[in-house]
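Here is what each chain is made of, one letter per residue.
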Amino acid sequence: MPLRIRATREEFEAACANGCVYGEIRGKEGLYVYAELGREQEYIQSPNDNLMTEYRIFNGCDVYFARTREQLASGEFEAEDLPNITVIIYC
């Protein structure tokens, strides 16, 4: 199952294959992530998707976690718990 990351509009628009994105884990308030993005593929809408939300999907991503925005900004990650996974970013 893909990991869903809520990103700011700026992060969402700047995201590209082999780039990176900062955001929050969906449904886990206070759990911040830095994802090194892999290859982008075409996103296929799901019936559960919000029509007012934009989505993008990337394969082969490495995700690092932080407990606070300060840790995220300084690069002090808790762990790389999810290497080589699929990530859906949305805003």
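Shown above is the structure to which this text applies.
These notes cover the structure that comes with them. (Residues numbered from 1 in each chain as written. Predicted model: local features only at pLDDT ≥ 70, side-chain atom pairs only at ≥ 80, totals over all residues. Heavy atoms only, no water.)

### Observations regarding the environment of Leu37
- Relative to the elements of secondary structure, Leu37 occurs in the loop between strand E3 (32–36) and strand E4 (39–41).
- Leu37 sits 19 residues away from Asn18 along the chain, and the two C-alpha atoms are 5.1 Å apart.
- Those residues in contact with Leu37, other than ones at most four positions away along the chain, are Ala15, Cys16, Ala17, Asn18, Gly19, Cys20, Val21, Phe58 and Cys61. (Helix = DSSP H or I, 4+ residues; strand = E, 2+ residues; numbered from the N terminus. Contact = heavy atoms within 4.5 Å.)

### A closer look at the side chain of Arg56
- Within the fold, Arg56 resides in strand E5 (residues 55–66).
- For Arg56, the side chain forms a polar contact with the main-chain oxygen of Phe12, separated by 2.6 Å.
- In this structure the side chain of Arg56 is engaged in a polar contact, spanning 2.9 Å, whose partner is the side chain of Glu40.
- Apart from the residues lying within four places of it in its own chain, the contact partners of Arg56 are Phe12, Glu13, Ala15, Cys16, Glu40, Tyr43, Val87, Ile88 and Ile89. (Polar contact = N/O pair within 3.5 Å; in protein donor to acceptor, adjacent residues only side chain to side chain.)

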